[in-house]
Amino acid sequence: RPLLKISYTFDYILWKYNPFGYHLGNIILHILNSILVYLIFRRFLRVEFTALISTLLFSVHPIHTTAVGLICHRSDLLTGFFCLLAFLLYIAAEKYIIYSYIAFILALFSKETAIFFPLVLILHDYLFTPLEKAACILKMRFKPLLVFFFISFFYISFRIFFFHGSMERLQFLWGRPPYRMFITIPAAIVDYIRALFLPINLTISDAF
């Protein structure tokens, strides 16, 4: 996560060991994320007031407390920022697609979970493409989507073969019983959905 390390480096240059500056950086990132969410909502909802209320709900939702409050979880904020930016540029216009690629790369360098971003784009194109224009739009989107998947493949290859220790960590992951993954992931998804609609009794352990 080189971009995360770079952000900590700038924090240290500015604030040394004063935690105020590190928390301020997280808050600024959350504000920027909220602005991007507003721009996306306004594009889809097409009603200024509805987009504003939706963004306010996003910005103050308790589920963000861990990501914003913990300095060590800045990777989530950085990944969210660059994925939201990449998505906004992707749906804005074809001329901005190169900047969407760059934002996606920066998201990957913030946290590896951004690898799933191309699937979000496919889901968007499937859900929001008018049936009568589907063939034309999907043909236009095919090459950009291919580039996103190529970036993902290159990132995975680079991480495995060039980052020290990555192969050992992957071998350790593969060595775990598969049933643990099938049991844990669905339970985590259900818990996050529960926290999204019923954000009560949240603790720091919910982040892990």
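In case you missed it, the structure is sitting above this.
Small disclaimer: the values here were computed from a predicted structure and weren't measured. (Residues numbered from 1 in each chain as written. Predicted model: local features only at pLDDT ≥ 70, side-chain atom pairs only at ≥ 80, totals over all residues. Heavy atoms only, no water.)

(A) Structural detail: the overall build of the protein chain. When you go through the protein chain residue by residue, the secondary structure sums to 10 helices and 0 strands. In the protein chain, the succession of α and β elements from N to C terminus is α-α-α-α-α-α-α-α-α-α. Burial analysis of the protein chain (208 residues in total) assigns 31% to the buried set. Contacts spanning at least 24 positions in sequence make up 69% of the contacts within the protein chain whose residues lie at least 6 apart. (Helix = DSSP H or I, 4+ residues; strand = E, 2+ residues; numbered from the N terminus. Buried < 20%, exposed > 50% of the residue type's maximum accessible area, 1.4 Å probe, protein only. Contact = heavy atoms within 4.5 Å.)

(B) Quick look at unusual backbone geometry. Even without being glycine, lysine 16 reaches a positive phi, approximately 55°. Topologically, lysine 16 is positioned in the loop between helix H1 (2–15) and helix H2 (19–45).

(C) Fine view of the nonpolar core. One finds Phe87, Tyr90, Phe104, Leu108, Phe117, Leu121 and Phe148 to be the most contacted residues of the largest nonpolar core, which totals 30 residues. Counting only elements with at least two residues in this core, the list comes to H1, H2, helix H4 (65–69), helix H5 (74–92), helix H6 (97–108), helix H7 (117–128) and helix H8 (134–162). With 10 residues, the single largest contributor to this core is H5. Excluding residues that lie within four positions of it along the chain, phenylalanine 148 makes contacts with Tyr90, Ile97, Ser100, Tyr101, Phe104, Phe117, Pro118 and Leu121. (Core = buried A, V, L, I, M, F, W, Y, C linked by side-chain atoms within 4.5 Å.)

(D) Region of interest: the packing of aromatic side chains. Taken as a whole and judged by the stated rule, the model has 10 aromatic pairs. Considering the side-chain rings of phenylalanine 81 and phenylalanine 82, the 5.0 Å spacing of their centres and the 75° angle between planes classify their relative orientation as edge-to-face. Grouping residues by exposure puts phenylalanine 81 and phenylalanine 82 together as buried. In textbook terms, an aromatic cluster arises when at least three aromatic residues are bridged by ring pairs, as seen for Tyr90, Tyr101, Phe104, Phe117 and Phe148. Of note, lysine 16 hangs over the ring of tyrosine 12, and the distance from its end group to the ring centre comes to 5.0 Å. (Phe/Tyr/Trp six-rings, centres within 6.5 Å; stacked < 30°, edge-to-face > 60°. Lys NZ or Arg CZ within 6 Å of the ring centre and 35° of its normal.)

(E) Representation of H2. Taking 1.5 Å of rise per residue, the 27 residues of H2 would be expected to cover 39 Å, and the 38 Å separating its terminal C-alpha atoms lies within 8% of that figure. Every buried residue belonging to H2 is among Gly21, Tyr22, Gly25, Asn26, Leu29, His30, Asn33, Ser34, Leu36, Val37, Tyr38 and Ile40, and all of these are buried. Each element contacted by the buried residues of H2 is listed here: H1, helix H3 (48–60), H4 and H5. Residue asparagine 18 occupies the N-cap position of H2, its side-chain oxygen lying 3.1 Å from the main-chain nitrogen of phenylalanine 20. Note on H2: the residue one or two positions beyond its end, arginine 46, has a positive phi of about 60°. (Expected span 1.5 Å × (residues − 1). Polar contact = N/O pair within 3.5 Å; in protein donor to acceptor, adjacent residues only side chain to side chain.)

(F) Representation of the environment of glutamate 112 within the structure. Within the secondary structure layout, glutamate 112 lies in the loop between H6 and H7. Sequence separation of glutamate 112 and isoleucine 156 is 44 residues, and the distance between their C-alpha atoms is 9.0 Å. A polar side-chain atom of glutamate 112 sits 2.7 Å from a polar atom in the side chain of arginine 1.

(G) Structural detail: the side chain of histidine 30. Its location among the elements puts histidine 30 in helix H2. Discounting chain neighbours no more than four positions away, the residues touching histidine 30 are Phe58, Ser59, His64, Val68 and Leu77.

(H) Looking closely at the packing of H2 against H3. The interhelical angle for the contact between H2 and H3, taken along N-to-C directions, is 145°, at an axis separation of 8 Å. For the crossing formed where H2 meets H3, the hand is right-handed. Contacts between H2 and H3 involve His30, Asn33, Ser34, Val37, Tyr38, Phe41, Arg42 and Leu45 from the first element and Glu48, Thr50, Ala51, Leu52, Ser54, Thr55, Phe58 and Ser59 from the second. Grouping the constituent residues of the contact of H2 with H3 by class yields 7 nonpolar, 7 polar and 2 charged. (Axes fitted to C-alpha atoms, helices over the stretch in contact; angles between N-to-C directions. Left-handed = near helix turned anticlockwise from the far one by under 90°. Nonpolar A, V, L, I, M, F, W, Y, C, P; charged D, E, K, R; others polar.)

Everything listed here is a matter of coordinates, which is why it stays silent on function.
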